Amino acid sequence: MAWFKKEKTPKQRATERRLKMPEGLWVKCLACKEMVYKKEVALNANVCPKCNYHFRISARDRLGMLLDEGQYEEFDADIAPKDALEFFDSKKYSDRIKDYQKRTGMKDALVSCTGKLGGRPVVVAVMEYGFMGGSMGSVVGEKVTRCAERALEESAPLIVVSCSGGARMQEGALSLMQMAKISAALARLDEAGLPYISILTDPTTGGVTASFAMLGDLNIAEPRALIGFAGPRVIEQTIKQQLPEGFQRSEFLVEHGMLDMVVERARMREVLIQCLEFMTPVEAAARE
């Protein structure tokens, strides 16, 4: 048979099809392992349309979904971390900071801002997992505290969205101190009768869970979010027992009274508006 009539093998045809397929059109779901059309996921609030798995999203994307017209005014954006301990593991902490700042365009792992939700002024803090796993260092702690103080000054509700691996080990005790500092600021907000809503996303762990993430007047989580202090593997190794199915996931925590509700991302804005209408005093709403 002449070379120009020779049929291609199935492997060759499959290779050609792969070469013709544009990159970035599909994404693999981490839960059901299905390949899903990326635009379909984006239109579905970055949730898998096949199994309802909630992909992680950036802090700014989340603000765009939650606030009226996606508009907000950021503050304290210029606060940057210091390498006070001159920490070094496989890499200098100062170099890690520079690397993540370059990757994310942020100074640290939290966006603090003001905006409106259902027409009501709110103060919002959203953690960025893409910056060192959303770890809480002195900058994150300071910014959350300032958000609580600003909410107190403006008599506005506070909303904090957590997505974090916990306290930042590179800052040692300086990081752990933030737990008490933020909790004290939230106590002052509570004394003033101002609402604080905590939204927990996947993952919310360590010192963040052990402080402000679980101190909300309402604690709301996204579906299947991992929420806890120590990780499941650490607990199993410590107690030498196998953990129940779904342990430390949102649904398990609601069932055991540790959360108030689980809300899908597509409904989060609607639910928050309803909650604020209920929680904000009538006289405060009239002033707005």
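Reference entry: report on the structure contained in this document. Since we're looking at a predicted model, the values are computed, not measured.

The subject of this paragraph is the nonpolar core. By size, the foremost hydrophobic cluster in this structure holds 37 residues, and its most contacted members are Leu158, Leu186 and Phe212. Broken down by secondary-structure element, the contributors of at least two residues to this core are α4 (93-104), β5 (120-127), α5 (138-154), β6 (158-164), α6 (173-191), β7 (196-205) and α9 (250-255). If near-sequence neighbours (up to four positions away) are discounted, Phe212 is found in contact with Met127, Met136, Val160, Ser162, Ile182, Leu186, Tyr196 and Ser198. In this structure, Val111, Leu218, Ile220 and Met268 belong to the second largest nonpolar core, which totals 24 residues.

Okay, the environment of Arg249 next. With respect to the helices and strands, Arg249 occurs in the loop between α8 (232-239) and α9. Relative accessible area serves as the criterion here: at 23%, Arg249 is assigned to the partly exposed category. As for Arg249 and Gly228, which are separated by 21 residues in sequence, their C-alpha atoms are 8.4 Å apart. Once residues within four sequence positions are removed from consideration, Arg249 is found in contact with Asp202, Arg224, Ala225 and Leu226. Only 2.8 Å separates the side chain of Arg249 from the backbone oxygen of Arg224, close enough to count as a polar contact.

Burial analysis of β5 places seven of its eight residues in the buried class, the great majority of the element. As paired strands, strand β4 (residues 110-117) and β5 are joined by eight bridges and run antiparallel to one another. Note that in β5 the partner of Cys113 across the bridge is Val124. What sits between β4 and β5 in their antiparallel hairpin is a turn of two residues, with Gly118 showing a positive phi close to 65°.

Let us now look at the pattern of salt bridges. Within the structure shown, the criterion is met by 17 salt bridges. The salt bridge partner of Glu74 is Arg60, with a shortest N-O separation of 3.1 Å. Here Arg60 lies in helix α3 (residues 59-66) and Glu74 lies in strand β3 (residues 72-74), a separation of 14 residues in the sequence. For the salt bridge of Arg62 with Glu222, the shortest nitrogen-to-oxygen distance reads 2.9 Å. Of this pair, Arg62 sits in helix α3 while Glu222 sits in the loop between β8 (218-221) and β9 (227-228), placing them 160 residues apart in sequence. Using a relative accessible area of 9% as the deciding quantity, one classes Arg62 as buried. Each of Asp76, Glu142, Arg146 and Lys181 takes part in a single network of salt bridges with overlapping partners.

Following the criterion strictly, the structure yields zero disulfides and no others. For the unlinked cysteine Cys48, the closest cysteine sulfur is that of Cys29, found at 3.7 Å. With a relative accessible area of 2%, Cys48 lands in the buried category.

The subject of this paragraph is the packing of aromatic side chains. Taken as a whole and judged by the stated rule, the model has four aromatic pairs. A ring pair is formed by Tyr53 and Phe55, whose centres lie 5.1 Å apart and whose planes are at 80°; its orientation type is edge-to-face. Of the residues examined, Phe55 reaches a relative accessible area of 11% and is grouped as buried. On the basis of an interplanar angle of 70° and a centroid distance of 5.3 Å, the ring pair of Phe247 and Phe252 is categorised as edge-to-face. In this structure, Arg56 packs its charged tip against the face of Tyr129, placed 4.3 Å from the ring centre. The ring of Tyr100 carries Arg103 above its face, with NZ or CZ at 4.5 Å from the centroid.

When the terminal C-alpha atoms of α4 are compared, their 16 Å separation across twelve residues agrees well with the 16 Å that a helix rising 1.5 Å per residue should span. If you check which residues of α4 are buried, you get Tyr93, Arg96, Ile97 and Tyr100. End-on, the buried residues of α4 take up no more than an arc of 100°, which puts them together on one face. Exposed side of α4, more than 90 degrees from the buried face: Lys98 and Lys102 are the residues found there. Positive backbone phi, approximately 75°, marks Gly105, located one or two places after α4.

We now examine a nonpolar patch on the surface. The grouping of Trp26, Met35 and Tyr37 at the surface amounts to a nonpolar patch, some 310 Å² of accessible area in total. Its relative accessible area of 44% is what places Trp26 among the partly exposed residues.

This part takes up the packing of α5 against α6. At a minimum axis distance of 8 Å, the contact between α5 and α6 shows a crossing angle of 5°. In terms of axis orientation, α5 runs roughly parallel to α6. Taken together, the residues of α6 that come into contact with α5 (itself represented by Ser138, Gly141, Glu142, Val144, Thr145, Ala148, Glu149, Ala151 and Leu152) are Leu174, Gln178, Lys181, Ile182, Ala185, Leu186, Arg188 and Leu189. Here the residues of the contact of α5 with α6 are counted per class, giving nine nonpolar, four polar and four charged.

Criteria and thresholds
- Residues numbered from 1 in each chain as written.
- Predicted model: local features only at pLDDT ≥ 70, side-chain atom pairs only at ≥ 80, totals over all residues.
- Heavy atoms only, no water.
- Core = buried A, V, L, I, M, F, W, Y, C linked by side-chain atoms within 4.5 Å.
- Buried < 20%, exposed > 50% of the residue type's maximum accessible area, 1.4 Å probe, protein only.
- Helix = DSSP H or I, 4+ residues; strand = E, 2+ residues; numbered from the N terminus.
- Contact = heavy atoms within 4.5 Å.
- Polar contact = N/O pair within 3.5 Å; in protein donor to acceptor, adjacent residues only side chain to side chain.
- Pairing = 2+ DSSP bridges.
- Salt bridge = Lys/Arg side-chain N within 4 Å of Asp/Glu carboxyl O.
- Disulfide = S-S within 2.5 Å.
- Phe/Tyr/Trp six-rings, centres within 6.5 Å; stacked < 30°, edge-to-face > 60°.
- Lys NZ or Arg CZ within 6 Å of the ring centre and 35° of its normal.
- Expected span 1.5 Å × (residues − 1).
- Arc of directions from axis to C-beta.
- Patch = residues over 30% accessible without salt bridge, like charges linked within 9 Å, V, L, I, M, F, W, Y side chains within 5 Å.
- Areas by Shrake-Rupley, 256 points an atom, 1.4 Å probe, with all protein chains shown as cover.
- Axes fitted to C-alpha atoms, helices over the stretch in contact; angles between N-to-C directions.
- Parallel < 35°, antiparallel > 145°, perpendicular 65-115°, else oblique.
- Nonpolar A, V, L, I, M, F, W, Y, C, P; charged D, E, K, R; others polar.

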